[in-house]
Amino acid sequence: EPEVTQTPSHQVTQMGQEVILRCVPISNHLYFYWYRQILGQKVEFLVSFYNNEISEKSEIFDDQFSVERPDGSNFTLKIRSTKLEDSAMYFCASRPRRGGGEQYFGPGTRLTVT
Amino acid sequence: GESVGLHLPTLSVQEGDNSIINCAYSNSASDYFIWYKQESGKGPQFIIDIRSNMDKRQGQRVTVLLNKTVKHLSLQIAATQPGDSAVYFCAEKSLEGGGADGLTFGKGTHLIIQP
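Residues numbered from 1 in each chain as written. Chains lettered and ligands numbered in written order. Predicted model: local features only at pLDDT ≥ 70, side-chain atom pairs only at ≥ 80, totals over all residues. Heavy atoms only, no water.

**Focus on the packing of aromatic side chains**
For the coordinates displayed, the defined rule picks out 16 aromatic pairs over all chains. Relative to Phe 105 of chain A, the ring of Phe 91 of chain A lies with its centre 6.4 Å away and its plane at 75°, an arrangement referred to as edge-to-face. Of the two residues, Phe 91 of chain A sits in strand S9 (residues 88–95) while Phe 105 of chain A sits in strand S10 (residues 104–105), which places them 14 residues apart along the sequence. Given the relative accessible area of 10%, Phe 105 of chain A is considered buried. Taking 6.0 Å as the distance between ring centres and 85° as the angle between the ring planes, the aromatic pair formed by Phe 105 of chain A and Phe 105 of chain B counts as edge-to-face. Of the two residues, Phe 105 of chain A sits in strand S10 while Phe 105 of chain B sits in strand S10 (residues 104–105), which places them in two different chains. Both residues of the pair, Phe 105 of chain A and Phe 105 of chain B, count as buried. Among the aromatic residues, those joined into a cluster by ring pairs are Tyr 33, Tyr 35, Phe 45, Phe 91 and Phe 105 of chain A together with Tyr 36, Phe 46, Phe 89 and Phe 105 of chain B. Here the guanidinium or amino end of Arg 95 of chain A rests over the ring plane of Tyr 31 of chain A, the centre of that ring lying 4.3 Å away. (Phe/Tyr/Trp six-rings, centres within 6.5 Å; stacked < 30°, edge-to-face > 60°. Helix = DSSP H or I, 4+ residues; strand = E, 2+ residues; numbered from the N terminus. Buried < 20%, exposed > 50% of the residue type's maximum accessible area, 1.4 Å probe, protein only. Lys NZ or Arg CZ within 6 Å of the ring centre and 35° of its normal.)

Pasting the structure below:
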């Protein structure tokens, strides 16, 4: 069964450094998402991406964040200058069609900012 | 702001019993709802969804009930098994505009299955 994959599983970085989190969505899916989950809290929407552009973003997704689909298979989240409060699990998700349908989540990348 | 929330943070049931997990939402524009299961160290896993034109939907051992009048959603799990132990999240969104927007998640209920 196809699934969303994410790398790395755990990323440790120093405050102020740039990080890139990588995702490979399910191949025939059209919509792509990033979410984050701070330890013990609920999952929060960051951004959605469709047709090679951002379709929606939350207040969390400020100028420090960017997304890219560089080669038609990978979907990346970049944080330019990490802060301590960026420490969280970051989940990528994808969805196959318009008008509904569940989002399929990857296993997540645990980002630890020290 | 408007949000989706859960009534109980932890629910403990005996193995084999039925469990009911509740969710309240306040966004009247929401017309699509999903239940996700999250096991420790893993991403959310889809369980079942329901659209606002329905009030009940059944899957394998799970049933979702939607009451739009009181903005309430519930997940019923029949004959619970040890593998059902996890955190359960409800999530919602509006399908208006093609549904490209992200899901709004509730806080989660930790379901513990006692042997």
